[in-house]
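The residues making up each chain are set out below.
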Amino acid sequence: MSGDEKSKSKLEQAKGKVKETTGRALGNEQMEAEGRAEQTKGDARQAKEKGKDIFKN
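All values derive from a computational prediction rather than experimental measurement.

Some details on the environment of Arg24
Phase 1 of the analysis: Its location among the elements puts Arg24 in helix H1 (residues 3-26).
Phase 2 of the analysis: The class for Arg24 is partly exposed, based on a relative accessible area of 46%.
Phase 3 of the analysis: C-alpha of Arg24 to C-alpha of Gly35: the two residues are 11 residues apart in sequence and 9.9 Å apart in space.

As structure tokens, then:
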């Protein structure tokens, strides 16, 4: 996995977790859902990069 893509996926996951937690604490369902979506996007990016790594080797 390239370092740049790996850091992007980790950043998206972290931002999503913070947003989800904040939304839950504030009772803001939309923010909570957006946070979960960002985490999922980060997970998908990470899975894509791992797949690329498998086929490179």
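Considerations on the side chain of Gln13
Phase 1 of the analysis: Within the secondary structure layout, Gln13 lies in helix H1.
Phase 2 of the analysis: What makes Gln13 buried here is its relative accessible area of 15%.
Phase 3 of the analysis: Not counting the four nearest positions on each side in its chain, Gln13 is found in contact with Gln39, Gly42, Asp43 and Gln46.

Describing the pattern of salt bridges
Phase 1 of the analysis: On inspection of all chains with the given rule, the structure shows 12 salt bridges.
Phase 2 of the analysis: Notably, a salt bridge pairs Arg24 with Glu32, separated by 3.4 Å at the nearest N-O pair.
Phase 3 of the analysis: The class of Glu32 is buried, set by a relative accessible area of 17%.
Phase 4 of the analysis: The network of salt bridges with common partners includes Asp4, Glu5, Lys8, Glu12, Lys41 and Arg45.

Brief notes about H1
Phase 1 of the analysis: Spanning 24 residues, H1 covers 34 Å between terminal C-alpha atoms, matching the ideal 34 Å at 1.5 Å per step.
Phase 2 of the analysis: Taken as a whole, H1 has its buried residues at Glu5, Ser9, Glu12, Gln13, Gly16, Glu20 and Gly23.
Phase 3 of the analysis: On its buried face, H1 sits against helix H2 (29-56).
Phase 4 of the analysis: Positive phi appears at Gly27, one or two residues downstream of H1, with a value of about 75°.

Comments concerning the environment of Lys17
Phase 1 of the analysis: As for its position among the elements, Lys17 is in helix H1.
Phase 2 of the analysis: Taking C-alpha positions, Lys17 is 14 Å from Glu29, a pair spaced 12 residues apart along the chain.

The rules behind these values
- Residues numbered from 1 in each chain as written.
- Predicted model: local features only at pLDDT ≥ 70, side-chain atom pairs only at ≥ 80, totals over all residues.
- Heavy atoms only, no water.
- Helix = DSSP H or I, 4+ residues; strand = E, 2+ residues; numbered from the N terminus.
- Buried < 20%, exposed > 50% of the residue type's maximum accessible area, 1.4 Å probe, protein only.
- Contact = heavy atoms within 4.5 Å.
- Salt bridge = Lys/Arg side-chain N within 4 Å of Asp/Glu carboxyl O.
- Expected span 1.5 Å × (residues − 1).

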